[in-house]
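The chain contents come next:
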Amino acid sequence: MAAKTLTIDGKQISAFEGATVLQAAEEAGIPIPTLCHLDGVYDIGACRICLVEVEGVAKLLPACTTRVREGMEVRTDTERLRNYRRMILELLFAERNHVCAVCVSNGHCELQTLAYEHGMDHVRYEYRFPKWDLDVTHRLYGMDHNRCILCNRCVRACWHIEGAGTKNVAGRGARAHIISDLNQPWGDSESCTSCGKCVDACPTGALFKKGATAGEMAHNRAKLEFIVTAREKKQWIASE
Amino acid sequence: MSFLDLDEWLVDLAAAVDVVYSPIMDIKEYPENVDVVLVEGAIANEDHVELMHRIRANTKVVVAFGDCAVTGNVTALRNPLGDPENVLQRAYKDAADIAPQYPAEKDIVPRLTPRVTPVHELVKVDLFLPGCPPPAPRIKLFLEQLLAGKGERLAGANIKFG
Ligand code: SF4
Ligand code: SF4
Ligand code: FES
């Protein structure tokens, strides 16, 4: 595989042809915030939190779906990017109903952590306060649409790590939401294997194990990593 | 309550400031020329709206204090249900065993606003201290900065919701 040389934040690095800017940055130890990216499944560039500036390109580009090019100059941490990232986070909070104080994922939530990192001490946009329901028909797991950010990680984990294809997205725009099978109660789904990979993939408190109360739901990403490593590297090693 | 967790530092604080208004003080009218106010709770009824406008007009630095003031938090859980009538109906009529009726004494019980909003949706807020509740050490840090004349926005590890 041919290598490409590029600079990220002024640092000269080389990356394999076909690598994404996110992979190249990760390799070089340069952190780029992500939300919809999940190791082991393909990227869809849905959340835009990983936006970067590329010299000579007017638009901001998502690092997770942009491939490296020879001589590319990437900036990952500018005033403009920080502003847009905070804006995106605030819009995510304003879009549904995030009541951290009573959320199962309080303290273990990727959305929350990013909000802190980006200095979000309040949301400047008007909250929409939409009406969404809870699906607690599954024997083991629950889904609270109020906390879903539509990152699609559960859908990709379900289709491409477990291979069940239970989780999908239905609806458009503000009414887009995660469904099970043909939009039926999760508990009635015939394709769901009850593996819980969607739950472990979820960055927020939208998917949770039943019985978890406020602050108790820490998602176990190590389980997904284990399977993905086994598949890609043929090594059965757990990271913890 | 979290405020009271400041323990003996409250004594130092009392020496540094004049407390001119609080819901638990015997002062009915919010005074004029106030330097700093810590507003707890969201805007949920018509009294809150009126008081909040008066507070803004008479105060230099308005601080939204705690998640309810900053986001609406649990008090805003009624918003997705729409008309406040639905909530009143559920709480005071459907759930009542005897003589179901709304608490609606004129000039005593204020009417609910159509939806609960964070303070900054109603008036300009200068500083935000989220947390449910904000822990005492963070309140202390925040107030010390204010007393030192540098009211700064919180950042990084000092921001925490829930
Ligand atoms: S999902 Fe995260 S941001 Fe949303 S309410 Fe829960 S802890 Fe807060
Ligand atoms: S349920 Fe969780 S993983 Fe699925 S789209 Fe919503 S936030 Fe993402
Ligand atoms: S992580 Fe790149 S767009 Fe979401």
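Residues numbered from 1 in each chain as written. Chains lettered and ligands numbered in written order. Predicted model: local features only at pLDDT ≥ 70, side-chain atom pairs only at ≥ 80, totals over all residues. Heavy atoms only, no water.

What is the right way to look at the overall build of chain B in this model?
When you go through chain B residue by residue, the secondary structure sums to five helices and five strands. Reading the helices (α) and strands (β) of chain B from amino to carboxyl end gives α-β-β-α-β-α-α-β-β-α. With the principal axes as the frame, chain B shows a C-alpha extent of 55 × 35 × 30 Å. Nonlocal contacts in chain B, meaning residues at least 24 apart in sequence, comprise 73% of its contacts between residues at least 6 apart. Taking the 16 positively charged and 24 negatively charged side chains of chain B as two groups, their mean positions are separated by 6 Å. (Helix = DSSP H or I, 4+ residues; strand = E, 2+ residues; numbered from the N terminus. Contact = heavy atoms within 4.5 Å. Lys, Arg positive; Asp, Glu negative; His and termini not counted. Charge placed at Lys NZ, Arg CZ, Asp CG, Glu CD.)

What is the right way to read the packing of aromatic side chains from this model?
The description of two aromatic rings rests on the distance between their centres and on the angle between their planes. Using the criterion set out here, one finds seven aromatic pairs over all chains in the structure. Summarising the aromatic geometry, the rings of A:Tyr116 and B:Phe161 are spaced 6.3 Å apart at their centres and angled 15° between planes, so their arrangement reads as stacked. On the criterion of chain membership, the pair formed by A:Tyr116 in helix α3 (residues 110-117) and B:Phe161 in the segment after α5 (136-147) is interchain, its members lying in two chains. Since its relative accessible area comes to 4%, B:Phe161 is described here as buried. An aromatic cluster of three or more residues is present, and its members are A:Phe93, A:Tyr116 and B:Phe161. Seen from the ring of A:Trp186, A:Lys167 lies directly overhead, with NZ or CZ sitting 3.4 Å from the centre. Sitting above the plane of the A:Trp132 ring, A:Arg175 keeps its charged end 4.1 Å from the centroid. (Phe/Tyr/Trp six-rings, centres within 6.5 Å; stacked < 30°, edge-to-face > 60°. Buried < 20%, exposed > 50% of the residue type's maximum accessible area, 1.4 Å probe, protein only. Lys NZ or Arg CZ within 6 Å of the ring centre and 35° of its normal.)

I keep staring at the interface of chain B and chain A and nothing clicks. Help me out?
Counting residues at the interface gives 24 residues for chain B and 21 residues for chain A. Counting the surface chain B buries against chain A, the share from its top three residues, B:Pro80, B:Ile159 and B:Phe161, is 28%. Counting across the chain B and chain A interface gives two salt bridges. At the junction of chain B and chain A, the tally comes to seven residue pairs in polar contact (both at pLDDT 80 or more). For the side of chain B that touches chain A, the secondary structure elements donating two or more residues are α3 (67-71) and β4 (112-117) of chain B. Class assignment for the residues of the side of chain B that touches chain A results in 14 nonpolar, six polar and four charged. (Buried area = accessible area lost by both parts, 1.4 Å probe. Salt bridge = Lys/Arg side-chain N within 4 Å of Asp/Glu carboxyl O. Polar contact = N/O pair within 3.5 Å; in protein donor to acceptor, adjacent residues only side chain to side chain. Nonpolar A, V, L, I, M, F, W, Y, C, P; charged D, E, K, R; others polar.)

Can you walk me through the site of ligand 1 in this structure?
With respect to spatial proximity, 13 residues lie near ligand 1, and among them A:His98, A:Cys100, A:Cys103, A:Cys109 and A:Gly205 are the closest. In terms of residue class, the shell around ligand 1 is built from six nonpolar, six polar and one charged. (Near = heavy atom within 4 Å.)

Where do I start with the nonpolar core in this structure?
Across soluble globular proteins, you tend to see nonpolar side chains buried next to one another. Counting 58 residues, the largest nonpolar core has A:Leu35, A:Leu111, B:Met52, B:Val119 and B:Phe142 as its most contacted members. Broken down by element, the residue count for this core peaks at six residues, all from helix α2 (residues 79-95) of chain A. When residues of this core are assigned to domains, at least three fall in each of domain 1 (3-77) and domain 2 (83-231) of chain A. With residues near it in sequence (within four places) discarded, A:Leu111 still touches A:Leu35, A:Leu89, A:Leu92, A:Phe93, A:His98, A:Ile149, A:Pro203 and A:Thr204. Counting 21 residues, the second-largest nonpolar core is a separate cluster that includes A:Ile30, A:Ile32, A:Cys50 and A:Cys64. (Core = buried A, V, L, I, M, F, W, Y, C linked by side-chain atoms within 4.5 Å. Domains from an automatic or database assignment.)

Explain the layout of surface pockets here, please?
Remark: the empty space left among the atoms is shown by a probe the size of a water molecule rolled over them. Of the voids in this model, the largest pocket is the one considered here, and its volume is about 1,900 Å³. What lines the largest pocket is a set of 44 residues, and nearest its centre among them are B:Tyr21, B:Ser22, B:Pro23, B:Val37 and B:Leu38. Elements that contribute at least two residues to the lining of the largest pocket include exactly α1 (9-16), β1 (34-40), α2 (46-58) and α5 of chain B. Of the volumes computed, that of the second largest pocket is approximately 610 Å³. If you trace the second largest pocket, you find 28 residues lining it, with A:Glu26, A:His37, A:Leu38, A:Asp39 and A:Gly40 closest to the centre. With seven residues, the top contributor of residues to the lining of the second largest pocket is helix α6 (residues 221-233) of chain A. Here the residues of the lining of the second largest pocket are counted per class, giving twelve nonpolar, seven polar and nine charged. Split by domain, the lining of the second largest pocket shows at least three residues from each of two domains, domain 1 (3-77) and domain 2 (83-231) of chain A. (1 Å grid on protein atoms, 1.4 Å probe; cavity = no way out; pocket = protein on both sides within 12 Å on 5 of 7 lines; lining within 4 Å. Points joined across faces, edges and corners; volume = space filled by probe spheres on them.)

How should I be thinking about the packing of helix α4 (residues 153-162) of chain A against α6(A) in this particular structure?
The packing of two helices is summarised by the inter-axis angle and the distance between the axes. Residues and elements named next belong to chain A. Where α4 meets α6, the axes come as close as 12 Å, and the angle between the chain directions of the two elements is 40°. It follows that α4 is oblique to α6 by the angle criterion. Taken as a pair, α4 and α6 cross one another with a handedness that is left-handed. Counting all contacts with α4, which are made through Arg153, His160 and Ile161, the residues of α6 involved are Arg221, Leu224, Ile227, Val228 and Arg231. Taken together, the residues of the contact of α4 with α6 sort by class into four nonpolar, one polar and three charged. (Axes fitted to C-alpha atoms, helices over the stretch in contact; angles between N-to-C directions. Parallel < 35°, antiparallel > 145°, perpendicular 65-115°, else oblique. Left-handed = near helix turned anticlockwise from the far one by under 90°.)

Help me out: how do you make sense of unusual backbone geometry in this one?
With the exception of glycine, most residues fall at negative phi, and the peptide bonds are largely trans. Geometrically, the link from B:Cys132 to B:Pro133 is a cis peptide bond, its omega value of -5° lying close to zero. Its location among the elements puts B:Pro133 in the loop between β5 (127-129) and α5. The phi angle at A:Arg48 is positive, at roughly 70°, despite the residue not being glycine. With respect to the helices, strands and loops of the structure, A:Arg48 is situated in the loop between α1 (21-27) and β3 (51-54). Residue A:Arg48 is classed as partly exposed on the basis of its relative accessible area, which comes to 35%. With phi around 75°, A:Asn152 is a residue other than glycine that occupies positive phi space.

Shape is all these values report; function is a separate question.
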